[in-house]
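Survey of secondary and tertiary structure
Read off the chains here:
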Amino acid sequence: QLLGNQDHIKVELEKLKKTHDEQQQKLEERVLALGKELQEAKGAAGAGRHRRAEQSAVLLTSQGQLQEVEAENSRLQLRLKELNEEYRSRLAHYIRDVANYMDSKPSSVPGHSKAPAGQAAMKNFVDSMLRDIQASYKSREEQLARAARGYKKRMKDLAKKHESLLIAYGLQREQIRSLGSSAMDCGPAELHFSITDPELLTNSSRELNRLREEKAKLEMQLQELQKGLDLMYGHDPNELFYPRQLDEEGWAEVRKKLREFTLNTQEELEQERSQLLTRAVVAEEQVSELQGYIEQHLAR
């Protein structure tokens, strides 16, 4: 039967060979198309990286220019304040000179002469007017100072809440990473959302940012090592499963120790930060009391 069916077997083999050749040709065309798409994707990624580099350079330049403009604006505001005080002093001096001149001038009304009792009438009026003006300026300056202190306090409260949110965000990232796989996207690092304004940064905040930067570097190193292990052991989950499981346990232990170190350090820094905030509040109250005492008793 086998010898008798050789023609049928040859026909079937020809069909199978033809089908195999067609499928192989389709696969080659698909591979070429995927290679072309990969090259286009690499080109697009390179162009995107180039655009991001240009945008980063423009952003850095803009930030530098913004800092220069802010510094120039602060200098101009200080100069304007000095000029206002100088012009205010000159105006008061000129008004007093006019008052003295008017008081020293003899009266042109018949029957009235320059009497000592009425000689300083203009001067008294000018002194009263200047005292009212100075009182209004002082009241306005105190109002602005209170508003500035309130604004700084609100900014400090917001910075404190922001630090608390960053700590909670970091804990959630660590929980997600400990529960899920290493390939799960846990979001950007805490350093990406840290405050960089020098006026809002305290010593504890700077130390936390430094620790976050070191943590981000360690995470990048862990990812690179994980990629190296993936390339070493292969991508098939059934291939060399036991060594990969040991490596996953080792990395989990490293992440656990890193998380414990981060939590302990953050707790210590939070305690130190709360103590420093308390001391700062007490110091601000003492400075306010001293400033009020100086302003009240300086004239005396």
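Up top is the structure.
Because the structure is a prediction, the values reported are computed rather than measured.

**Structural notes on the overall build of the chain**
The helix and strand tally for the chain stands at five helices and zero strands. Order of helices (α) and strands (β) in the chain, N terminus to C terminus: α-α-α-α-α. Here the chain holds 300 residues, and 14% of them are scored as buried. The long-range fraction of contacts in the chain, counting pairs at least 24 apart against all pairs at least 6 apart in sequence, stands at 58%. For the chain, the accessible surface area stands at approximately 24,300 Å², while carbon and sulfur atoms represent 58% of it.

**Side note on empty space enclosed by the protein**
Counted by the stated rule, this structure contains two cavities of 30 Å³ or more. By volume, the largest cavity is sized at about 50 Å³. If you go around the largest cavity, the residues you meet are Ile 167, Gly 170, Leu 171, Glu 174, Glu 190, Lys 215, Arg 259, Thr 262, Leu 263 and Gln 266. Classifying every residue of the lining of the largest cavity by side-chain character gives three nonpolar, three polar and four charged.

**Re the layout of surface pockets**
Roughly 1,200 Å³ of volume is contained in the largest pocket. Lining the largest pocket are 36 residues, with Ala 145, Ala 148, Arg 149, Glu 284 and Ser 288 positioned closest to its centre. Looking at the lining of the largest pocket, the element that brings in the most residues is helix H3 (residues 121-179), giving 16 residues. Each residue belonging to the lining of the largest pocket can be placed in one class, and the counts come to twelve nonpolar, seven polar and 17 charged.

**Here's the deal with the packing of aromatic side chains**
Describing an aromatic ring pair means giving the distance of the ring centres and the angle of the ring planes. Evaluation of the coordinates by the stated rule reveals zero aromatic pairs. Stacked on the ring of Tyr 137, the Lys or Arg Arg 88 has its end atom at 3.7 Å from the ring centre.

**Description of the pattern of salt bridges**
Applying the stated criterion across every chain yields a total of six salt bridges. For Lys 153, the salt bridge goes to Asp 157, with nearest N and O atoms at 3.5 Å. In this pair, Lys 153 and Asp 157 are both assigned in helix H3, four residues apart and thus about one turn of the helix distant. The class of Asp 157 is partly exposed, set by a relative accessible area of 35%.

**Structural notes on helix H1 (residues 6-104)**
Counted at 1.5 Å a residue, the expected span for H1 with its 99 residues is 147 Å, and the 142 Å between its end C-alpha atoms agrees. Among all positions of H1, only Gly 48, Ala 92, Ala 99 and Asp 103 are buried.

**Points about the environment of Leu 218**
The topology assignment puts Leu 218 in helix H4 (residues 203-233). Leu 218 sits in the partly exposed class, given a relative accessible area of 38%. Sequence-wise, Leu 218 and Leu 258 are 40 residues apart; in three dimensions their C-alpha atoms are separated by 9.2 Å.

What counts and how
- Residues numbered from 1 in each chain as written.
- Predicted model: local features only at pLDDT ≥ 70, side-chain atom pairs only at ≥ 80, totals over all residues.
- Heavy atoms only, no water.
- Helix = DSSP H or I, 4+ residues; strand = E, 2+ residues; numbered from the N terminus.
- Buried < 20%, exposed > 50% of the residue type's maximum accessible area, 1.4 Å probe, protein only.
- Contact = heavy atoms within 4.5 Å.
- Areas by Shrake-Rupley, 256 points an atom, 1.4 Å probe, with all protein chains shown as cover.
- 1 Å grid on protein atoms, 1.4 Å probe; cavity = no way out; pocket = protein on both sides within 12 Å on 5 of 7 lines; lining within 4 Å.
- Points joined across faces, edges and corners; volume = space filled by probe spheres on them.
- Nonpolar A, V, L, I, M, F, W, Y, C, P; charged D, E, K, R; others polar.
- Phe/Tyr/Trp six-rings, centres within 6.5 Å; stacked < 30°, edge-to-face > 60°.
- Lys NZ or Arg CZ within 6 Å of the ring centre and 35° of its normal.
- Salt bridge = Lys/Arg side-chain N within 4 Å of Asp/Glu carboxyl O.
- Expected span 1.5 Å × (residues − 1).

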